[in-house]
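Architecture and fold: a report
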Amino acid sequence: MLCVTQVFAQNRTVTGTVTAKEDGLPIPGVTVKIKGGTGGTQTNSAGKFSLSVPANATLEFSGVGYTKVSAPVKGDVLNVSLATASNQLGEVVITGALGIKSQARQLGYATAQIDNKALTQAKVTDVSTGLQGKVSGLQVNLTNNGVNPTTRIVLRGNRSITGNNQALIVVDGVPNDNPNYITTINPEDIASVTVLKGAVAAAIYGSKASNGVLIITTKKGSKGKPSITIQNTTEIQSVSYLPALQTKFGGYGGEGGAFVNPDGTVNPVPYENESYGPAFDGRKLGIALSPKFASDGVTVIGYDTLFSAYSNKPNNRRDFFNNGISNLFNVSYDIGSDNSTMHVGFQDNDIKGITPNDTRRQDNIRIGGTQTYGKFSVEYNASYNQNAVSQAGPSYNQTSGGLTGDLLYFEVLNTPANIPLQDFKNINSQYGNVNSYYNAYATNPYWTVANSRNNSTSYIFSGNVNLSYKATNWLTFSDRLAITSNTQQILQTRQGVQFAPWAIADPQSAGNVPSSLGSVFPATLDQTFFEQLLNNDFIANFNKKFGKFNLSGVVGVNTQQSYQRELSLEGDQLQFPGDFNITSTLGIPTYNEFYYKQRSGGIYEEATLGYNNYLFLHVTNRDEWNSVLSQAHNHYEYPGADGSFVFTDGIKSLKDNNVLSYGKIHAGVAQVANINIGGLNTNPYGAYSLVNPFVPATGFPFGSLGGYSQSALSLNPNIKPEQTLEYEGGVELGFLKDRIKFETTISHSESKNQSLTSSVSSATGFTQEIANAGLVTNDVQEFDLSLIPVQSRNFTWTVGINFTHYANKVVSLSGGQHQLQIGNNAANTVGAVAGIYAVVGKPFPIIETNDWIRDPASGKVIVDAGTGQPTPNPNLTEYGTTNPTYQWGFNSTLTYKSLSFSFVIDYRGGNEIFNSTASVEAFTGISAQSAQNGRQRFIFPNSVVASPGGGFVNNTSVAVNNGNGGQPSSFWANIYGQPVGSLFVEDAAFIKLREANLTFQLPASIVKSIGFIKKASIGLIGRNLLMIRPKSNDSIDPEFADTTGNGIGTTSVSQLPPTRFYGANLSVSF
Amino acid sequence: MKKITILLFTIAALSAGCKKFTDINNNPNQPLSVTPNVLLSAALTGSANGLGADFLNTPRWMGYWARSGNFITTPPVEDYQEDVSFADGDWQNYYNTLNRYNNIEIAGKQSPTTLSFYIGVAKTMKALHFSTLVDAFGDVPYSQAFNLNKFPNPKYDDAKTIYADLVSQLDSAVTYFDAAKAYYALGAASSAAVKTDDQYDIMFGRGAGVAPATRIDNWVKFANTVKLRLLLTEQSAIGASGVSTELAKTDANGRGYLMAGTSASVNPGYNNSSASRLNPLYNVFYQVSGSTSNGYAFNRANQYAVNFYNATQDPRIGGVYTPVGGKILGNYDGDPNAASNAVTAGVSGTVAISSASQDQMIFSDFESLFLQAEAAQEGFSVGGSATTLATQGIEQSFIFLGNAQADADTYIATNAGSVLVDPATGLQAIMTQKWISLNTVDWQQAYTDYRRTGFPVPDGTHFGFTHALAPTLHNGKLTIPYRFLYPQSEISTNGKSIPAGKTQFTPVFWDTREQ
């Protein structure tokens, strides 16, 4: 009967255009169906459709990522606009491992997907920065904040004690385990980032997958009219704050002679780098000398003196830093027809840093696209990235030759408060030149930024092509070949110095260290680094339905090769100023060469069995062979299984419930192996790490005399990969048609057979050995909540909250060892030292450093009954973990008509940090803390003294015998700032306003009236605008670290002060 | 069936191909095996680094160097409060060097006929360095050292037992040297091998074409001298008869000791092409460019030694210290008001540290002569009188520091009868002259001599190594520590093996002050 009805019904052809509600642009590929009928079509590249329909029909429009819309046919034309649907839980398509797209409901593990909009809302230039605070279980640390910042990306915490814990980066299906390559991708070219948080999701990637994966999918263009988008973002970077510094006392370091008055008081010493002088009194103080010569031009007949009031010069250190300016320019071009699409993106990023003369210029171009022809299709991608960085190097001061010397920030910070540092800005001026610079123990930082440069340029090409052949409608073969090639040229140069005879004669008897060197040769380090990564995957992909069952899966073969070569030459005795060519050096340059090659082959299988689209079982397995292990141990397997159950579909009584609209439970288990014997020299692959080599002994060869010794690291031919077994389970819930979404996952992992590079007694002949030992457990709970509290025609408010709790524990280490050192704050030459350790029974890493000797009964510090001074404890004390144990993220977007405001706040806490910058400040007497008692004698707070009757009593009367610095046993310089690190172990918690942005989108009506543009917006953006820290931390950003390795937890003067960014963005699409 | 065959073949081809594909793990960067001669040159250079640049706090305790007034105080040294990092680097360097000799000994024992010379050197140098470690720390890992697979946590052997074994190892070394001499003399070795061994022997050979007989005799003399040092050091523990018994064995080899003009020193060809090729002691004070380094600015002349030189009108002062403003003034180490470098003399002088390419002293002829003098003074037969030997020792010290032999004789004559100078007055003069001769040469030995003999005596005027402002008192006395603390690296890697209860005032077994 139905057929008859249709035949007799009066059919007509309806045409129309489907556009996006958001921007009014046509949407290609939308399915148009007759409700209750059988006919249907899809919109073409211009978003248009044409369909013959019966009278009074209703059409249903559905497109991936859009809310379904039904519209009755009235007349011949039916234009429809679709709203974006970010909230269709379960239907969201996730690009998972191997680039395979699947619906979220199928996944038996936790993932998160960040789209381009969320990623780039604050116009970040680095993908990892754009992920901060947005996903549970993901931690991005900005370890350094110069013009070329480094980040550390860790998913679900640290599993490996000495090995790599950073996430694997997969770009368009191609794995790359060097996380640094993430900085070479223009975030504007990224369509989405999928975070596979754990081993269960990532096991198919084999040896690099135990740390989770970031799947980055780049734009390939889209069907529709060509469009060009031009964006320009200008940002200012400014120093947020410097450490809290004292403002009352000037230079003095224990000098005798004329600096000590008969009554024992001291006079300020103009050339000191320590600030233990008398209180500021505004006196006129000569701070630098410049000679007057006799007519012969050589004989010194007197000195001009630079005078400056002996008083605090506010901001004298801060004003050394500029406001950094960066200009980010982006053009993208998208085009597509029904058979092919293409995206071209170009980015130019021109940065001037906060440090004078520091610059960076990054240019990036990427072409990506797709082409289909019948059963054949191709996806391709090529990018070229060039990054030129110039940063200040070390000073010449106190060098033992070569490119060593104090760090810039150290020299700026340690300027006494009364010194007008800016008066020395012109390094060729009367007082700014090297001979006259006021400080007898440091270099003029303005000299350093002008004359010591670390220049590096990297040229990175990467490309891949994926050829597919659809053999049948359920079977596709494809091959993906990828290459990444990186050439990096590094040239470090430091100009030489020739001190004038009058300066060498040291007229102030200051024991001037720089001028005592007489002269310093120019020095250079010339280094070339080349890396090539090749990867090929051949994949058979099937997807077949059997009644209510659906079976899909993959069988693949992977081959991979990594190759790296480095050559470097360092010359410390260049003959001519300004000529940094290595051939100009005297003596023999220091030379180095490394060559590493590693290969692996893998065969993998993956299958998903679905029942009725609500119950899924997913199994994976991978066999892998890796060249860096011995034949006996180089084959290993990675099995995994997971399942999911969408109970809101599977249980009848829960179906079509308006309150609980979506519900899924999932669970999985996987075992992955991780080869972590790399990290020797610069070898990231772990090649050649089985047999002990001999290495040239220090200094050799001496002419024609060779000399070799055993390497200090004992290698192990029987080393096996680390093994991680990870379980996870979770729930996803959607309420009120998914306006409230809640997701939680708990995971537990056990990482055994760690490849520990641990220290051994030097009496064994080695200092370190590699062994399979140790067990680390890791428990992580993740919660994500997203809400749309308001959704109306003009106003939308969305909120996302995520929370993660990390708890790892070292269960055992090599050979029953109690602890293993994995890092320290080696960057400082003075001040206290802390080590970063893995300790059995504790979370890792933790801080260990020296404390005072305390009364075991009361825990109070014991002071000497005579001197009032506490005594450092020579043994190390354990402190807290350096990895955050709690992490909150809060992000929200408010949209009112054309105006939208969004921000990201995150919190991390439960960890501690060793703030060695504060230790350096205490040592030199510039910290605010060091002046808290007015440099007078004081009773050490909360202290006890030995009681004559035994035991200890509270100290109420014995003050420290010297409350100043500059003399032996003086409290601040010798006791407080030097050996005791416990003072600088601080609560590392922080709350940061990471991103904020206010965007005004030109309304569609105005855009239309202009005609030639499609879209335009203007926005204000800010990053790191605000940071709230505990009071105890008055000097640093606790997110910083001295390393991107596992030994995080110390910060030092090798990082610059924390900064904030603010700027404006203009974007126009044609 | 055919299908299965093809499948099996494919799998076989794949796995065979895979094996070949991944078989690329051969190290192109470093050699995996080397010949013993390059181990020897590296080991001897390690010894030179140990003597020239390790235990650099000791010269301050021994009154040779003092902290400059330009630098802030260093409490662990100046207040005699050692911490566990105090000698950590030194400990590690010494074991590193010892491991090189151990590798030579292992390689040598693979073919003892052709490599007996190498075995002899390894045994001699191990005795030298292990005794220094024992003198500094007491019990140390010895019998289980250098065997990581079997003994990852090597035990600490009793110091006295180690000494006894070192003495017997030195006898054994002489046997190996004699075997080597025979091997070279018989013509069993090709002339190329003789030349090679000579070139890599950067102690007594140095590629100068030294005849094997001379070269090896020098090694035997050196081994004998090291043995004499060990015996005199442990005399309090083994008794005079123990010393005599052992010296009789030395007499039997008939080669005697290092005599005037023959010092054990190392030079692989030091030069100023880079910091790592400088003479190690020179590198403490100077840079490649020839400019002074931080070490020069920090370590200044110590007023104790300056007082001694001045009081005895000793011209050697100019060989060790560099005048400033025409005068040689020092600081007392630990002086809160230490003078700045504008007025204090530098350490280096005209001779002691004068050239990037100078030899690194391992065991000087004058130390050997003073040792023999001490032995003679104690009544042991070493083939000479105490006075003659000590006089020769003073003469050689003068010559080492650029003075003439006649200057030494004048010096002795000027101070005739002085218990600080005149060898005829006995042990105090011998030991005091040994102390001043070892200034900036072998401070670690001076520290050992001070602990075992009490010389130089702190008399409040010339010496008195008790200058700390807030020193650690020991038994009511101000005194420098008796030993070094076991280092942090051992505590964290081998903590369970470390003998318990040892403080910086636990005497080493031969130190009888507490008994």
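This text follows the structure it describes.
To keep things clear, this report deals only with the structure shown in the data block. Every residue gets a number counted from 1 within its own chain, in the order that chain's sequence is written. Written order decides the labels, with chains lettered from A and ligands numbered from 1. Only residues with pLDDT of at least 70 get local features here, since the model is predicted, and only at 80 or more are side-chain atom pairs given and counted; chain-wide, interface and lining totals rely on the full set of residues. As a rule here, side-chain values cover all heavy atoms of the structure and leave hydrogens and water aside.

**A closer look at the packing of aromatic side chains**
All names here are of chain B. We call Phe, Tyr and Trp rings a pair once their centres come within 6.5 Å, taking the six-membered ring for Trp, and we label the pair stacked below 30 degrees between planes, edge-to-face above 60, and tilted otherwise. With the rule as written, the count across this model stands at 78 aromatic pairs over all chains. When the centroid spacing of 5.7 Å and the interplanar angle of 25° are considered together, the rings of F177 and W219 count as stacked. Taken together, the positions of F177 in helix α7 (residues 159–185) and W219 in helix α9 (residues 212–233) put the pair 42 residues apart, joining distant regions of the chain. By relative accessible area, which is 0% here, F177 ends up buried. The criterion is that NZ of a Lys, or CZ of an Arg, lies within 6 Å of the ring centre and within 35 degrees of the ring normal, and then a charge sits over that ring. One Lys or Arg, R215, reaches over the ring of F117 and ends 4.7 Å from the middle of that ring. When the ring centre of Y482 is taken as origin, the NZ or CZ atom of R513, which lies over that ring, is 4.0 Å away. Only DSSP runs of H or I reaching four residues or more are called helices, and only runs of E reaching two or more are called strands; each is numbered from the N terminus. Exposure classes here rest on a 1.4 Å probe applied to the protein chains alone. A residue is buried below 20% of its type maximum, exposed above 50%, and partly exposed in between.

**Focus: the interface of chain B and chain A**
The interface is formed by 69 residues belonging to chain B together with 78 residues belonging to chain A. Interface area, chain B with chain A, both sides summed: about 6000 Å², of which 58% is carbon and sulfur. Any carboxyl oxygen of Asp or Glu within 4 Å of a side-chain nitrogen of Lys or Arg constitutes a salt bridge here. Between chain B and chain A we count zero salt bridges in total. Counted as a polar contact is a pair of N or O atoms within 3.5 Å, where, for protein atoms, one must be capable of donating a hydrogen and the other of accepting one, and residues adjacent in sequence contribute only when both atoms are in side chains. Linking chain B with chain A are 18 residue pairs in polar contact (both at pLDDT 80 or more). Residue assignment for the side of chain B that touches chain A shows that the elements contributing at least two residues are α1 (2–22), α2 (36–53), α5 (88–110), α8 (191–200) and α20 (488–494) of chain B. Note on residue categories: nonpolar means Ala, Val, Leu, Ile, Met, Phe, Trp, Tyr, Cys or Pro, charged means Asp, Glu, Lys or Arg, and polar means any other residue, Gly included. For the side of chain B that touches chain A, the class distribution of residues is 30 nonpolar, 31 polar and eight charged. Note on contacts: a residue pair is in contact if any heavy atoms of the two residues lie within 4.5 Å. Accessible area that two parts lose when put together, with a 1.4 Å probe and added across both, is what the buried area reports.

**With respect to empty space enclosed by the protein**
Residues and elements named next belong to chain A. Cavities and pockets were defined on a 1 Å grid built over protein atoms only: a cavity is a set of grid points that admits a 1.4 Å probe from which the probe cannot escape, a pocket is an open set flanked by protein on both sides within 12 Å along at least five of seven lines, and lining residues are those with an atom within 4 Å of any such point. Grid points are joined across faces, edges and corners, and a volume is the space filled by probe spheres set on the points. If you walk through the whole model with that rule in mind, you get 16 cavities of 30 Å³ or more. By volume, the largest cavity amounts to about 410 Å³. Considering the residues around the largest cavity, the lining is formed by 26 residues, among which T125, T129, P149, R1023 and F1061 are closest to the centre. For the lining of the largest cavity, the elements supplying multiple residues, two or more each, are β17 (224–239), β20 (324–336), β21 (340–352), β52 (990–1001) and β53 (1015–1028).

**Looking at the pattern of salt bridges**
If you walk through the whole model with that rule in mind, you get 52 salt bridges over all chains. Measuring nitrogen to oxygen at the nearest pair gives 3.0 Å for the salt bridge that ties A:K134 to A:E995. On the criterion of sequence distance, the pair formed by A:K134 in the loop between α3 (127–131) and β11 (138–142) and A:E995 in strand β52 is long-range, its members being 861 residues apart. As far as burial versus exposure is concerned, A:K134 and A:E995 are alike and both buried. For the salt bridge of B:D139 with B:K502, the shortest nitrogen-to-oxygen distance reads 3.6 Å. Separated by 363 residues along the polypeptide, B:D139 in the loop between α6 (116–137) and β2 (140–141) and B:K502 in the segment after α20 bring together distant segments of the chain. Given the relative accessible area of 14%, B:D139 is considered buried. Owing to a relative accessible area of 28%, B:K502 belongs among the partly exposed residues under this scheme. Because the salt bridges share partners, they merge into one network encompassing A:R156, A:R159, A:K197, A:E726, A:E728, A:E782 and A:D784.

**What to know about the side chain of A:N1065**
All names here are of chain A. As for its position among the elements, N1065 is in strand β55 (residues 1059–1069). Residue class for N1065 comes out buried when judged on its relative accessible area of 6%. A distance of 2.8 Å separates the side chain of N1065 from the side chain of T233, its partner in a polar contact. When sequence neighbours within four positions are dropped, the list of residues in contact with N1065 reads K123, Q231, N232, T233, S1017, I1018 and G1019.

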